[in-house]
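Observations on the three-dimensional arrangement
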Amino acid sequence: MRAILTPLRLVSLCLAALAPSLAGAQTALTIPGQNGLISFTSDAFGNPQITATTEFDAARAQGYLHARDRFFQMDFNRRAASGRVAELVGPNGLASDVQLRTLGISRAAWATWVALDNDTRGWLKAYADGVNAFLAGNPLPPEYSALELTGVPQWSPLDSLVIGKVLALQLSFDLSDIDFTINATAYQVAGQIGGFNGAALFAEDTHRAQPPDDRISMPGFLTSIGGVGAAAGGAPPVAGKGVTEVALEVPLGEIDPALAAQAANYRQKIAGIPFFDRALDPAKQGAGSNSWAVSGSKTASGVPLIANDPHLSLGTPSIFVEESLTVTGAGGFTISGVAFAGIPGIVQGCTANFCWGSTVNPMDVTDVYQEQFQANNLGLPVATIFQGQAEPLQIIFQSFFVNTPGDGSADNLTRAEVPLDAGGVTFVVPRRNNGPIVDVDSANGTALSVQYAGWGPTFELVSFRLINKATTLAEFEDALQWFDIGSQNFIYADNAGNIAHFTSGEMPLRADLQNQMTADGGRPPWLIRDGTGTLNHEWLPVQNPQPQQAVPFEILPWGEMPKLINPARGYVVTANNDPIGTSLDNNPLNQVRPGGGLYYLNFSYVSYRMGRIDRGLEQLTAAGNVTLDDMIVLQANNQLRDAEILSPLIVQAFNNAATPGAWPGLAQFAADPRLQQAVARLATWDAGTPTGIQQGYDPGDNPAALPAPSAAEIAASINATIFSVWRGQMIKNTLDGTLTAIGLGDFLPDERAVYHALTYQLRNFAQTRGAGASGIPFFNVPGAPAPEDARDVIILKSLQDALALLASDEFAPAFANSTNQDDYRWGRLHRIVFDHPLGVDPFNIPNGGGFTDLAPGLPGIPRAGGYEAVDASRHSSRADGPNEFMFGAGPARRFVAEMRPGGERLEVIPGGRSGIFFSPMFSNQLPLWLTNDFHDMP
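Conventions and cut-offs
- Residues numbered from 1 in each chain as written.
- Predicted model: local features only at pLDDT ≥ 70, side-chain atom pairs only at ≥ 80, totals over all residues.
- Heavy atoms only, no water.
- Helix = DSSP H or I, 4+ residues; strand = E, 2+ residues; numbered from the N terminus.
- Rg over C-alpha atoms; globule rule 2.2 N^0.38 Å.
- Buried < 20%, exposed > 50% of the residue type's maximum accessible area, 1.4 Å probe, protein only.
- Contact = heavy atoms within 4.5 Å.
- Areas by Shrake-Rupley, 256 points an atom, 1.4 Å probe, with all protein chains shown as cover.
- Lys, Arg positive; Asp, Glu negative; His and termini not counted.
- Charge placed at Lys NZ, Arg CZ, Asp CG, Glu CD.
- Axes fitted to C-alpha atoms, helices over the stretch in contact; angles between N-to-C directions.
- Parallel < 35°, antiparallel > 145°, perpendicular 65-115°, else oblique.
- Nonpolar A, V, L, I, M, F, W, Y, C, P; charged D, E, K, R; others polar.
- Polar contact = N/O pair within 3.5 Å; in protein donor to acceptor, adjacent residues only side chain to side chain.
- Core = buried A, V, L, I, M, F, W, Y, C linked by side-chain atoms within 4.5 Å.
- Pairing = 2+ DSSP bridges.
- Salt bridge = Lys/Arg side-chain N within 4 Å of Asp/Glu carboxyl O.
- Disulfide = S-S within 2.5 Å.
- Phe/Tyr/Trp six-rings, centres within 6.5 Å; stacked < 30°, edge-to-face > 60°.
- Patch = residues over 30% accessible without salt bridge, like charges linked within 9 Å, V, L, I, M, F, W, Y side chains within 5 Å.
- pLDDT = per-residue confidence, 0-100.
- Left-handed = near helix turned anticlockwise from the far one by under 90°.

Considerations on the overall build of the protein
A count of helical and extended segments in the protein gives 28 helices and 31 strands. Rg of the C-alpha trace for the protein: 27 Å, near the compact-globule value of 30 Å for 938 residues, within the 12% margin. Over its C-alpha atoms, taken along the principal directions, the protein stretches across nearly 85 × 70 × 65 Å. When the 938 residues of the protein are sorted by exposure, 64% land in the buried category. At a minimum sequence separation of 6, the contacts of the protein that also span at least 24 residues come to 72%. Approximately 31200 Å² of the protein is accessible, and the part contributed by carbon and sulfur atoms is 54%. With 56 positive and 89 negative side-chain charges, the protein shows a spacing of 2 Å between the two charge centroids.

Looking at helix 4 (residues 94–103)
In terms of residue burial, helix 4 counts as a mostly covered element, since eight of its 10 residues are buried. Every buried residue of helix 4 is listed here: S96, D97, V98, Q99, L100, R101, T102 and L103. With its phi angle positive at about 95°, G104 sits one or two positions after the end of helix 4.

Let's talk about the packing of helix 22 (residues 673–682) against helix 26 (residues 787–806)
Describing two packed helices takes the angle between their axes plus the distance from one axis to the other. It is the contact of helix 22 with helix 26, at a shortest axis distance of 10 Å, that shows an interaxial angle of 100°. Relative to helix 26, the element helix 22 is oriented roughly perpendicular. Seen from helix 22, the contacting residues are R674, L675, A678 and V679; seen from helix 26, they are L796, L799, Q800 and L803. The class makeup of the residues in the contact of helix 22 with helix 26 is six nonpolar, one polar and one charged.

Focus: the side chain of S583
Here S583 is to be found in the loop between strand 24 (571–574) and strand 25 (591–592). A polar atom in the side chain of S583 sits 2.6 Å from the side chain of D578.

Digging into the nonpolar core
Note that soluble globular proteins tend to have their nonpolar side chains buried in a common cluster. One finds F173, L175 and I178 to be the most contacted residues of the largest nonpolar core, which totals 210 residues. Residues V896, L906, F922 and L928 belong to the second largest nonpolar core, which totals 35 residues.

A short note on the pairing of strand 17 (residues 425–429)
The buried count for strand 17 comes to five of five residues, which makes it a mostly enclosed element. Every second residue of strand 17 is oriented toward a common face, with V425, F427 and V429 on one face and T426 and V428 on the other, all of them buried. The pairing of strand 14 (residues 394–397) with strand 17 spans four bridges and is antiparallel. Residue pairing for strand 17: F397 is matched across the bridge by V425. As paired strands, strand 17 and strand 18 (residues 435–441) are joined by two bridges and run antiparallel to one another. The residue of strand 18 that forms the bridge with V429 is G435. Linking strand 17 to strand 18, which pair antiparallel, is a turn of five residues; within it N433 sits at a positive phi near 55°.

Comments concerning helix 15 (residues 460–469)
Extensive coverage of helix 15 is indicated by the burial of eight of its 10 residues. Residues E460, L461, V462, S463, F464, R465, I467 and N468 constitute the buried set of helix 15.

Quick word on the pattern of salt bridges
This structure, assessed with the given rule, holds 46 salt bridges. Here E751 ties to R874 by a salt bridge, and the two come within 2.8 Å at their closest N and O atoms. Highlighted residues: E751 in helix 24 (residues 751–763) and R874 in the loop between strand 27 (861–862) and strand 28 (889–891), separated in sequence by 123 residues. The burial state of E751 is the same as that of R874; both residues are buried. Each member of the salt-bridge network shares a partner with another, and the members are D75, R78, R79, R84, E87 and D159.

Some details on the state of the cysteines
In the structure shown here, the tally under the stated rule is one disulfide. The disulfide partner of C350 is C355, and the gap between their sulfur atoms is 2.1 Å. Sign of the S-S torsion, about 105° for the bond between C350 and C355, identifies this disulfide as right-handed. Across the pair, exposure class does not vary: C350 and C355 are buried alike.

What about the packing of aromatic side chains?
Remark: the centre distance and the inter-plane angle together describe each pair of aromatic rings, the angle taken between the planes. By the definition in use, this model includes 37 aromatic pairs. Centroid distance Y452 to W455: 5.0 Å. Interplanar angle 70°. Geometry classified as edge-to-face. Each of the two residues, Y452 as well as W455, counts as buried. Taken together, the ring pairs connect F354, W356, F464, F476, F483, F490, Y492 and F502 into an aromatic cluster.

Remarks on a nonpolar patch on the surface
Together, L378, I395, F397 and L420 make up an exposed nonpolar region whose accessible area comes to about 440 Å². Position of L420 relative to the elements: it lies in the loop between strand 16 (414–416) and strand 17. Given a relative accessible area of 40%, L420 falls into the partly exposed group.

Things to note about the confidence of the model for the protein
Here the protein shows a mean pLDDT of 93. Residues at 70 or above account for 94%. In this model, residues 1–22 is a region of pLDDT below 50 whose contacts with residues beyond four sequence positions or in other chains number 45 contacts. Overall, residues 234–248 carries pLDDT values under 50, and its contacts beyond four positions in sequence, including any with other chains, amount to 28 contacts.

Describing the environment of V626
In this structure, V626 sits in the loop between helix 18 (608–623) and helix 19 (628–635). For the pair V626 and A568, spaced 58 residues apart in the sequence, the C-alpha separation amounts to 16 Å. Not counting residues up to four positions away in its chain, the partners in contact with V626 are V294, K298, T299, A300, L305, L620, T621 and M631.

Some remarks on the packing of helix 18 against helix 19
Two elements in contact, helix 18 and helix 19, have axes separated by 11 Å at closest approach and are oriented at 160°. As judged from the angle between their axes, helix 18 and helix 19 are roughly antiparallel. Two packed elements cross with a definite hand, and for helix 18 against helix 19 that hand is right-handed. Mapping the contact onto sequence places I613, L617 and L620 in helix 18 and D630, M631 and L634 in helix 19.

A few points about the environment of N498
For N498, the position within the fold is in the loop between strand 20 (488–494) and strand 21 (499–503). Through-space distance from the C-alpha of N498 to that of G445 is 57 Å; in sequence the pair is 53 residues apart. Apart from residues no more than four positions distant in its own chain, N498 is found in contact with P304, L473, Y492, A493 and N566. Looking at N498, its side chain comes within polar contact range of the side chain of N566, at 3.0 Å.

Set out below in C-alpha cells:
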C-alpha cells in the first residue's frame, strides 16, 4: 500500500484533469438582503470557495449553492424528519410520517427556534434567503417530474433546525429498550419453565455489555477525576470508602409479561420503517466513525497529524457537501471542510489555526417508560399518574396529506384518514421532557412514553457556528459546551502543536443510578422503566446547572465528561468504543462518580475497529516518525480483527481433529479434503479482505484502469469469503440453534450481541466449558466425550456448512455452484449500492453515475472491507446469502491533515457535489473514494 500512495495522488490529479471543466472564474451572487459582495469560485471537483463580506452573506451563498446542487435531498430530509414525506413520495411514506410526527422532531425544532438568540436566527434566515433566491429563478430538480410536483414550499429557518435535529436524533436516539425488554422477559419466563436462570441468560450470556476487544481511549480517566471502580483501574467500589458496594451482576428486576406484550405491540407498529429499524437495533445503524490525532513528538515532520472518517449511511447524493468560506469583514475568518445540505456553516474541517473531526459517542440519552393513565370516554389518555397524582397531557391533532405520483395529474395531494388512536392525535407527556406517548393499552390503562434529551431546545448549530469562528483550543472547547445532543467525540489538532479529544453532549442523571440502584426492583436503564414514580426511575431535576446547559435535568458535569489534551503517549484515538472502560467487566453500572452516584454513559459499544487502530498507532508512535501516508494506510486498513481472533481457533480445531486418538466424531472432519484445503488457506491468512476480482475496487487501485488482482489478493479474498460465511454458520449452530431449541427462536439477540456472546464463549472456553452463566450449554454435540470435542466439532461442522452453502443454488449467482474454492472471491459478495431516496435508477449508483451492477442478481459495486474493518463496510454477522454481505454505511468523508501552515489537507466524499444525476459532479469523487484516494481540500 505505502509504495503506491504517491501514484494514487497522481491518479487523483489525472481524473480531475480529464473531468469536464468544473473550475471557473469568480462568480458573483445577488441575493436579497445581502450586506456586501458575495462571490465564489469552484475547484476541479465543483466544490465552491465562497467569499463574502459578512458571516450572514456567507450563509446566504451556502443556501443558494446548496439549493442549486442538493435541493431534492434538502427537501426530502426536511419532510421526512417532519413527518411529511408522503406529501412528496406518496402512500409509501405515510407509515413513517405517522410515527415520526408522533415523536415530534418539528416540535423540538420549534422549541429551539424560540430559545435562539436573534443573531443566530438571523444567520439561519440568511441561509433560507439564499435557498429561496435559487428556487425563485430556477427549475426544480428532475425528481419532481417523476413525482408529478410543480412546486415546493419555501425554505424556512425552521427547516434547517429540523434537519439538524434529525441528524442528531439519528446519532443518539435509540429504542433498544424495547427489544431488550421483550427478550429479557422471554428469557425470564423460559427460565422459570425450563429451570435455568433466565436473567443470567440475558445479561451474562447473550446480551453482554463487555466488548470483545479491551482497547479504550482514555485509560485511567475515572481515577483522574476522583471516581472509583473497575474503569478507574481498581476493583468495584466497596463499603467503607464513602460509597455503597455495588453488586457485580446487573439486576434486571421482575418484568411484567404484560409490559413485554405492550412493547411487542409498539415494535410491530414501527417495524419496517428504516428510521425505527435503526433505532430499535443500533447495530443496523451503521453510524460510527474513526478519528485519531498524533502529537508532533511522534511524527516525522514534528507537527501533529489528524485523521477522521465519519461512518454514516452511504446514499446518493452523499450526506456531506464540501466547501470553503472566507469572510472578509469585521470578525472575518476562513474555514474549509464539509457541511450538511440544508444547514449553514462547516461541521468538520479546518480553520487557519486548527482542524477537527468527530465520531459518534453513543451516550444513553433515551428512556422508554411505562405509564399509567386516565382516559376519557373514548378510551384515549388525558393524564398520566405519577406518585398517585394525575398530570395532564398535551394533546395535538394531526393532519396527514399524501401525494399520488403516477396518476398523470400534477400537485394532487389528498388527505389521509388516520384514526385518532393510530396517530391522528399525539399525546405529549410534559414530565418526559415533552416526550410523546407512542403506544396505548386501553385494556390495562398503560402507555409507553419516550423521554429523550433532544425533545426541547438544543444548540448544536450554535456550537458549529462558534467552532467556525474559534481561533484557539480554549475557544474550541468553549464552543463544544453548546453541543447538547447527538453526542460526539471531537478530535482536534492545531498549528500550535496541541492534540485533544472531547466528549460532547448532555448526559442526564437518573435518580436511581445516583442512589446506586438501592431501591427494590432495580432495573437498568436499557430496559423499559417505571413511569409511576414507584421505582424512582426519573431523571433528576436541575440543581447544578452547567455552562450553556440546555436539557432541563441534572447532567454529568463537563469536568466528568471524557476528555484528553496532549496525552503522554503521544496520540488519542476513538472509534465508537468504550472511551474509559466502564463496560470491560460486563457491568456498566459499577463505577462511581466523584462524590457518589453511578458513573454511567452507555450499556454497550463496538470495539474491533478501535482494537486495530490503537494497536496500529501504538506500533507507529513507538518508532517516532509517523507520516501522513501512515495515516492514510491505517485509515484504509481492511483486515478483520475478529478473524485474527477466531480463525486460529478453526485451524486449532482441525489440528485437534487430525491428532491421533481423537474422538471419532471429531476425527472424521480431518479426512474431508474440502476442510483440509480451507484450513490450509486460513492458516496463512493475514485477515485482509481484497475483492480478488478485476471489477472490484481495492485501496491503491487506479480507478480509471482497474488492475487484475494479484495472487496474494486472490488468496486473501478467498479466505475473507470462507471466514465470513463460516461466521454466520457458527452463530446458527451455537447460540441461535440453542436458543431456538429452548423456545426462544423469536427472541434472538441482535446480530452484534450474538456475535459478541459467541466470541466470549470461544475465547473463554477454558472457564465456561461452553456453558453460559445461565447453565445453558451452547455447544451441543451428542456423545462428545468432552466439551472441547463438542466445540471443535461445531467449529468444523460450521466450516463444512459454509463450504456447502457457497456451492449451493442460493449462492449460484455469485459462484455458479462451484466447489472450487479458487472461485470464492470476496468482491462477488461484498458490494455496495448507493441508494437514492426514491430507490430507482438512474438516481441510484449503480446504475447511474457511470457505474453498473456487478452481474445479474448481484447488485452493487464490489469493494474491499468487511465486518467491523477499520475502513468501515460492515454487514450482518449472521449473513448467509449472496446479497447479505453487502453494506450501506461507511466513511461519509475521509480526511487527513498535517498541522502546519501550508501542510497537506486531504479529503474525499463518496459521490460528488451535485445531486443531479446527469451532472458531471454527480459521482466524480466516487472513484477516488472507492480506492481510498483523496483530493486537496477546497
